[in-house]
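# Structural overview
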Amino acid sequence: MRHISSLANGVALGSAGLVMMSVLSGCSSQEQQEPQNRYLVIEQQANGKYVVVEEMPTEGPNRAIIREKDENGNTVERFMNEDEMKLLAQQEYQKVQEGTSETVSSGEGSAGMGLAGTILAVAAGSLLGNMIGNALMNNKNFASKSSSVNKSAYSRSAAAKASSTSSKKSFFGSSTSSTSKTSTYGG
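What this report covers is the structure whose coordinates are included nearby. All values derive from a computational prediction rather than experimental measurement.

### Side note on the pairing of strand S1 (residues 38-44)
Here seven bridges tie S1 to strand S2 (residues 50-57), and the two strands are oriented antiparallel to one another. If you follow Tyr39 over to S2, its bridge partner there is Met56. The loop that links S1 with its antiparallel partner S2 comprises five residues; one of these, Gly48, has a positive phi angle of about 90°. In the sheet, S1 pairs with strand S3 (residues 63-69) via five bridges, with the strands oriented parallel. The residue of S3 that forms the bridge with Glu43 is Arg67.

Structure (structure tokens):
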């Protein structure tokens, strides 16, 4: 009888631990969804399109270095501040709403997009807000174009991290999404 009681206590503690871990991971995943500002290096390709070659999270404002070829074929770098990036992203988002943006076209062309499309594809959430960023990422064509213009190692590691964390399993082999997500712990 005593063995059964300690076993029941162990199961109760284990279940309470799983519930608490689920609640805590729910709180931390909400923090990760906040748009994070980025420092980008965007490079013009031989075809005139742009791709992100470096991306780093930053505590400061969004900003970018744009590498382009001048008329003599020399690489020239210019700085783009957050206001300039936001203006280009807003213009491209207007084209998305009109259906004329290359970010949502289904045509599979060569790698890269125009500068405004590249900026929108990589930093929509941090420049225009999370709701717009999430809405755009729900568009299959936009999500595909977004991943194709970002060649940075940071993007690849963030994507790998996101895919590995989305498949968490509980002790019993089922998904950890349970009724504990409706707790009042204010995560």
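Now, onward.
### Digging into the nonpolar core
Formed by 25 residues in total, the largest nonpolar core has its most connected members in Ile42, Ile119 and Leu120. Mapped onto this core, the elements with two or more residues apiece are S1, S2, S3, helix H2 (82-98), helix H3 (115-128) and helix H5 (140-149). In terms of residue count, H3 provides more of this core than any other element does, nine residues in total. If sequence neighbours within four positions are ignored, Leu120 has contacts with Ala89, Glu92, Tyr93, Val96, Thr103, Leu128, Leu136 and Phe142.

### What to know about the sheet that holds strand S4 (residues 75-80)
Here four strands make up an open sheet; going across it, the order is S2-S1-S3-S4 and the pairing mixed. In this open sheet, the two strands that pair with only one neighbour each are S2 and S4. Recorded for the sheet is a direction-independent mean angle of 20° between the axes of neighbouring strands. Lying over the sheet, H2 contacts S1, S3 and S4, oriented at roughly 95° with respect to S4.

Definitions and limits used
- Residues numbered from 1 in each chain as written.
- Predicted model: local features only at pLDDT ≥ 70, side-chain atom pairs only at ≥ 80, totals over all residues.
- Heavy atoms only, no water.
- Pairing = 2+ DSSP bridges.
- Helix = DSSP H or I, 4+ residues; strand = E, 2+ residues; numbered from the N terminus.
- Core = buried A, V, L, I, M, F, W, Y, C linked by side-chain atoms within 4.5 Å.
- Buried < 20%, exposed > 50% of the residue type's maximum accessible area, 1.4 Å probe, protein only.
- Contact = heavy atoms within 4.5 Å.
- Axes fitted to C-alpha atoms, helices over the stretch in contact; angles between N-to-C directions.

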